[in-house]
Amino acid sequence: MLSKVWKKSIVIMVALFLVLSFVNIVGAFDAYSDMAITSKVEAKLQSDNQLSGSRIIVDTKNGEVTLKGLVNSQADITRAAKLASWVDGVKHVDNRLSTVISHRYGAKPGMTDCQIGANWC
């Protein structure tokens, strides 16, 4: 009688162990998959002649790729997003790229003829 209880307990523990192991493997695979997607997107962007000199940071989470950094033109922004979307496993591309020109010349000029402490300044 006791041996039947032990056998059932062992079977249940083994089944539980296998289920938990599978869950850990799937979670690890997702992380590996995101790293693999990031590497593939980076390689694709770096191998492109038009984007080779660009400073693009690629981040991937659950298959969603985020592109950050600076490129030379608006066409490069579009091209980078398109190239990233063609990589296997990419579900969505969040394109946060901007152009070098917008960063260089986008700052507001200093105010002239402004008095310190004035409300209208």
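All values derive from a computational prediction rather than experimental measurement.

*Asks:* Mind laying out the overall build of the protein chain, listing which residues take part and the relevant values?
*Replies:* Helix and strand content of the protein chain: three helices and three strands. For the protein chain, the succession of helices and strands along the chain, N to C, is α-β-β-α-β-α. The contacts in the protein chain between residues at least 6 apart in sequence include a share of 59% that link residues at least 24 apart. Just so you have it, the protein chain exposes about 9,400 Å², and 60% of that area is on carbon and sulfur atoms.

*Asks:* Residue-level account of a nonpolar patch on the surface, with values.
*Replies:* Taken together, the side chains of Trp6, Ile10, Met13 and Val14 define a hydrophobic patch exposed on the protein surface, amounting to about 430 Å² of accessible area. Within the secondary structure layout, Ile10 lies in helix H1 (residues 2-47). For Ile10, a relative accessible area of 45% translates into the label partly exposed.

*Asks:* Could you give me a rundown of the sheet that holds strand S2 (residues 64-71), with the residues and numbers involved?
*Replies:* As summarised here, the arrangement of the three strands in space is S1-S2-S3, forming an open sheet in which the pairing is mixed. Edge strands, defined here as strands with exactly one partner in the open sheet, are strand S1 (55-61) and strand S3 (92-99). Pairwise comparison of adjacent strand axes, ignoring direction, gives a mean angle of 10° for this sheet. Each of S1, S2 and S3 is contacted by helix H2 (residues 74-85), which is oriented at about 160° to S3, the strand it contacts most.

*Asks:* Any chance you could break down the confidence of the model for the protein chain for me, citing the residues and the numbers?
*Replies:* For the protein chain, the mean per-residue pLDDT works out to 77, and 69% of the residues sit at or above 70. Within the model, pLDDT remains below 50 along residues 107-116, and this stretch shows six contacts once partners closer than five positions in the same chain are excluded.

*Asks:* Got a sec to walk through the nonpolar core? Specific residues and values, please.
*Replies:* Nonpolar side chains in soluble globular proteins tend to be buried together. Among the nonpolar cores identified, the biggest contains 18 residues, and Val41, Leu45, Ile56 and Leu67 are the most heavily contacted of them. With five residues, the single largest contributor to this core is H2. If near-sequence neighbours (up to four positions away) are discounted, Ile56 is found in contact with Leu45, Leu67, Lys68, Val71, Ala80 and Leu97.

*Asks:* Give me the lowdown on the pattern of salt bridges, citing residues and values where you can.
*Replies:* Scanning all chains against the criterion turns up two salt bridges. We note a salt bridge from Asp94 to Arg96, for which the minimum N-O separation is 2.9 Å. Residue classification places Asp94 among the partly exposed residues on the basis of a relative accessible area of 25%.

*Asks:* Requested: an account of the pairing of S3, with residues and values cited.
*Replies:* Bridge analysis of S2 against S3 gives eight bridges, and the strand direction is parallel. Within S3, the residue paired with Val65 across the bridge is Val93. Between the parallel pair S2 and S3, the chain is carried across by H2, and the sense of this crossover is right-handed.

Rules and cut-offs
Residues numbered from 1 in each chain as written. Predicted model: local features only at pLDDT ≥ 70, side-chain atom pairs only at ≥ 80, totals over all residues. Heavy atoms only, no water. Helix = DSSP H or I, 4+ residues; strand = E, 2+ residues; numbered from the N terminus. Contact = heavy atoms within 4.5 Å. Areas by Shrake-Rupley, 256 points an atom, 1.4 Å probe, with all protein chains shown as cover. Patch = residues over 30% accessible without salt bridge, like charges linked within 9 Å, V, L, I, M, F, W, Y side chains within 5 Å. Salt bridge = Lys/Arg side-chain N within 4 Å of Asp/Glu carboxyl O. Buried < 20%, exposed > 50% of the residue type's maximum accessible area, 1.4 Å probe, protein only. Pairing = 2+ DSSP bridges. Axes fitted to C-alpha atoms, helices over the stretch in contact; angles between N-to-C directions. pLDDT = per-residue confidence, 0-100. Core = buried A, V, L, I, M, F, W, Y, C linked by side-chain atoms within 4.5 Å. Right-handed = clockwise from strand over helix to strand, strands pointing away.

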